[in-house]
Amino acid sequence: MEGTQIDQWLGSGGLILAASERAARALLLAYHQRRRAEALTAWPTPAIHTWSGFVRSAWEARCAGDRMLLSAAQEQALWSGILARETHLTTLLAGPRHRLAAMAMEAHALLCGYAPRYLRQQARVGWDRDAGAFSAWLSSFDAACQKARAVSPARAPLELLTRLQADASSRPPLLLAGFDRLLPVQRELVRAWGTEHELEHGEPAEEIRFYAAPDEAAEWGACAAWCMERLAANPQARLLIVAQQAGQHRGELERAFLRASAPEAKPLFEFSLGIPLAQAPLARAASLVLRWLEGALQEHELDWLLSTDFSAADMPETRALQAHMRALRAAGLARPAWTWTAFTTQATHTAPLPDAWLQRMQRARQLLAATRSRPQSPPEWAALVPQLLHAAGFPGKRLSSAEHQAWQRWQQALDTAASLGFDGRRIAWTEFLADLARILAELLYAPESASAPIQITGAAESAGLTADAIWFLGATEESWPAAAAAHPLLPLAVQREHGMPHATPQLDWQLAQSITTRLTASAPLVCFSYARRENGVETRPSRLAMEVAGSPQPLPDELAPHRLPQPCTEEYADTSSIPFPHASVPGGAAVLSAQSQCAFKAFAQARLRARSWEPAEFGLTAQQRGLLLHAVLHTVWSGKPDGLGSRADLLALPDREGFVAAHVERAMREKLNRAVRERMPQRYLALESTRLTRLVTEWLGYEAARVDFTVEKTEAPGEAAVAGLMVSLRLDRIDRLADGSLAVIDYKTGNVSAKSWELPRPEDVQLPLYAGYALHEEPGGLLFARLRAGQSRFEGQVRDAEATLFPRLHAGSTLMRRPLTAEQMRMWREAIAQLARDFVIGRAEAGPREYPETCERCGLYALCRIQESRLASATDESGEGEDGD
């Protein structure tokens, strides 16, 4: 019936107005399919328009004259300029100012659509607070439009209405399609146009169902399974999925439908809602390249850019750029933000940058430098952008169809940015990039529709769409009707008086009721569903859905989830091992500690050279602070003439803090990388020096209370043969105690405890390894020197702590309660030898010492896939359903 009515209307010379772009495309597609079904090869383009397109073309034909109809971006630029003249702190920042400008645009559009009499300044007398501020902005906006001889799109229908009422000529009749409600100004404009009708709804649905799912995942999975069943029964079926907050749950919905689809099959679904163009890889890469020519990119942004194939000419260039970044990190030169100059001037002998890439980027930078010395108009900057990207070799590959569409959308964004020069403004390059970034974030992009049988859309965006069956997701009382607050810039009384959206709950109910009625007349079968729990919170079904579908019923057996989803990876028990082919291993005690923590960790780090990189920090990292502390303590206890060699030397110091400060200054100068030092503020480095001086001075005060001792070695190198494996060692310090025995000391700044040596799987074997295999005599103590402001102390085990470490120790002290014994040393030696044998024979299973704590500190779970294997084990053990989850 609908297709016949449309064909007859168009055949009689009428116009069709669709409520949305999506509805207009659906009507056009259906019209073309009917013509092809009639064996036609050519036919006139049907007169199907969106409301905004209809208003713009009618206004330009009757009202344009010497005035310009603003685009949305141009109007927002005018509002933003008005707000920039405000003295409020919020409007001084670009981000909040543009968001406030968007709110002002919305308020202005509401007045134009519902209450145009308030566009006159006299009618707004008495508005106060936020509404009063908006009233002043609106007066300034009217003046700015008059000065620029421009008209807001929201006011175009009002001006067009006046012209139509004065024009008695005949006009083609209008057919309205998919409008859930007409604004007052729309209703008046349609009446002034002439003859108008609304597209008749189809017959009410033959069957309406309402399902209750245990949770959102089960709801999405049931919907996907239902779609596949219906397509299996009728491959030509058209299915419409209406999802509340479809954009927010896009990823979860996509995964649910992919799991329900046949492997490697062409996707049977598509989203009607696009994503911000800024999230499209091609557009994002182009934006980052432009920013990087003169500005800085955050570390994660540069990592992402170098991982794409847009910034390089070929795969070897891409690999070289990534290798250069890895080399910078390995050299301790990571930065939170990278300028192009910083990235290219940090020399790495192991991973040089490609010459061709350097030349292309340098040409683009020179081109920009020759232009940016003075402000340019937005059209001039927009014309420069393609030249810059071409000089930089962007994009570096042949584009796919979807990428080509994204590139066309990028060109539209550039045109929009250029249009911001309508008022003759001249701006700096950075301001143009900020405008372009905002446009990219607001402009939606969706690849050309492939006419997939399953269309996923939102409730409002479904206007004008029909299908063979519809499934409405998320029909909870909280989300349907969708509730929202009234507009903050307009008086609430005005909004209620004129029935503006969200002014009262009743208005939200009426709109949702209209949409529900339309949906139930858009397909023979309509299913509603809701999840009993969302984000761990109990929900209730929508009363509006129950009015048309009755009380919700449990999911039928064929749609209910019975088992946990099978993992994407297949678990394979690999019992093979590859022996370590070398006699010595780099990494020292860390390799055997890793073998104890998790055999795969040792294998990956020592044999595969796998590394997990921590994000760069603006200040010194924990590792850099630790290296500085070790360097200071090494020189402090280095012996005469510059350092100390015993407790007696410590007690004889006349100025302990000044002594430490000199060693700190030396360490900061010699041990801190020059590139790191140059990018740090001098005041920050001075504060770090002060902090380090106080910490070490406090530690020396703690050591001054010890029983007499002598420092034998600092940064003591050593080598140990453990079960045939040569391990290189370096220990922070070895002291000769009062009883003649040796104490092995390791400096730490974090939380440490002798519990890390506990058998059968010690967390850290460095001290037991050194004492048991490199000391060549029974030790008198194994000690962590924990240096923390206000909490500095020794942690560990000593043979006779009161006689050799501190006199008059409390009996409850851990140093007294757990003395070091020869039997314990023997057991450590045996355990460490077994770890070495396991490493040499190639034992490499993923078996963390403590899950998930060990894995969180490792960072290599993407290689061992332990999370997937544990999920598979949980699936096998749990059996079925939620009870086993």
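Heads up: the structure comes first, above all this text.
Since the structure is predicted, the reported quantities are computational estimates derived from the model, not experimental observations. (Residues numbered from 1 in each chain as written. Predicted model: local features only at pLDDT ≥ 70, side-chain atom pairs only at ≥ 80, totals over all residues. Heavy atoms only, no water.)

Novice: Any details on the pairing of strand E8 (residues 239-243)? Residues and values, ideally.
Specialist: By the criterion of burial, E8 is predominantly enclosed, with five of the five residues buried. Taking every second residue as pointing to the same face, both faces of E8 are buried, with Leu239, Ile241 and Ala243 on one and Leu240 and Val242 on the other. The pairing of E8 with strand E14 (residues 454-457) spans four bridges and is parallel. In the strand pairing of E14, Val242 is matched with Thr457. (Buried < 20%, exposed > 50% of the residue type's maximum accessible area, 1.4 Å probe, protein only. Helix = DSSP H or I, 4+ residues; strand = E, 2+ residues; numbered from the N terminus. Pairing = 2+ DSSP bridges.)

Novice: So what's going on with the packing of aromatic side chains? Which residues, and what values?
Specialist: Following the criterion strictly, the structure yields 33 aromatic pairs and no others. Measuring from ring centre to ring centre gives 5.3 Å for Trp381 and Trp429, while their planes differ by 55 degrees; the resulting arrangement is tilted. Remark: Trp429 occurs in helix H18 (residues 429-442) and Trp381 occurs in helix H16 (residues 378-391); sequence separation between them is 48 residues. The residues Trp381 and Trp429 share a single accessibility class, namely buried. Joined through ring pairs, the aromatic side chains of Phe210, Phe472, Trp480, Phe528 and Tyr530 make up one cluster. Above the ring of Trp193, the side-chain terminus of Arg171 is found at 5.5 Å from the ring centroid. Directly above the aromatic system of Trp637 lies the positively charged group of Arg733, at a separation of 4.6 Å from the ring centroid. (Phe/Tyr/Trp six-rings, centres within 6.5 Å; stacked < 30°, edge-to-face > 60°. Lys NZ or Arg CZ within 6 Å of the ring centre and 35° of its normal.)

Novice: Pulling in residues and values, what's your account of the sheet that holds strand E2 (residues 48-50)?
Specialist: The strand order across the open sheet built from four strands is E2-E1-E5-E6, with neighbouring strands paired in parallel fashion. Every interior strand has two partners, whereas the edge strands, E2 and strand E6 (196-198), have only one. This sheet shows a mean twist of 30 degrees between the axes of neighbouring strands, independent of strand direction. Of the pairings in the sheet, the one linking strand E1 (residues 15-18) to strand E5 (residues 174-177) comprises four bridges and is parallel in character. Across the sheet, residue Leu15 finds its bridge partner in E5, namely Leu174. With respect to the sheet, helix H2 (residues 21-37) is in contact with E1, E2 and E5, its orientation differing from that of E2 by roughly 170 degrees. Of the strands in this sheet, E1, E2 and E5 are in contact with helix H3 (residues 51-62), which crosses E2 at around 95 degrees. (Axes fitted to C-alpha atoms, helices over the stretch in contact; angles between N-to-C directions. Contact = heavy atoms within 4.5 Å.)

Novice: Can you break down the nonpolar core residue by residue, with the values?
Specialist: Leu290, Phe343, Trp410 and Phe432 are the most contacted members of the largest nonpolar core, which has 100 residues in total. With eight residues, the single largest contributor to this core is helix H11 (residues 281-292). Grouped together as the second largest cluster of nonpolar side chains are 37 residues, Leu592, Val722, Tyr770 and Ala836 included. (Core = buried A, V, L, I, M, F, W, Y, C linked by side-chain atoms within 4.5 Å.)

Novice: Which residues make up unusual backbone geometry, and what are the values?
Specialist: For the bond running from Trp480 to Pro481, omega is 5 degrees, close enough to zero to count as cis. The omega torsion across Lys640 and Pro641 is 5 degrees, close enough to zero to call that bond cis. With respect to the helices and strands, the residue Pro641 is situated in the loop between helix H24 (622-636) and helix H25 (647-651). Of note, the phi angle at Arg609 is positive, near 55 degrees, even though the residue is not glycine. Mapping Arg609 onto the fold places it in the loop between helix H23 (599-606) and H24. One non-glycine residue, Arg808, lies in positive phi territory at about 60 degrees. Mapped onto the elements of the fold, Arg808 is located in the loop between helix H30 (801-804) and helix H31 (814-817). Residue classification places Arg808 among the exposed residues on the basis of a relative accessible area of 73%.

Novice: I'd like a rundown of the packing of helix H7 (residues 156-166) against helix H8 (residues 184-193), residues and numbers included.
Specialist: The packing of two helices is summarised by the inter-axis angle and the distance between the axes. At a minimum axis separation of 9 Å, H7 and H8 run at an interaxial angle of 25 degrees. Judged by the inter-axis angle, H7 sits roughly parallel to H8. Judged by the sense of rotation from one axis to the other, the crossing of H7 with H8 is left-handed. In contact with Pro157, Leu158, Leu160, Leu161, Leu164 and Gln165 of H7, H8 contributes Val185, Glu188, Leu189, Ala192 and Trp193. By residue class, the composition of the contact of H7 with H8 is nine nonpolar, one polar and one charged. (Parallel < 35°, antiparallel > 145°, perpendicular 65-115°, else oblique. Left-handed = near helix turned anticlockwise from the far one by under 90°. Nonpolar A, V, L, I, M, F, W, Y, C, P; charged D, E, K, R; others polar.)

Novice: Which residues make up the environment of Leu490, and what are the values?
Specialist: Position of Leu490 relative to the elements: it lies in the loop between strand E15 (469-473) and helix H19 (492-497). What makes Leu490 buried here is its relative accessible area of 5%. Filtering out sequence-adjacent residues up to four positions away, Leu490 remains in contact with Ala107, Leu110, Leu111, Trp127, Ala131, Phe134, Gln495 and Met500.

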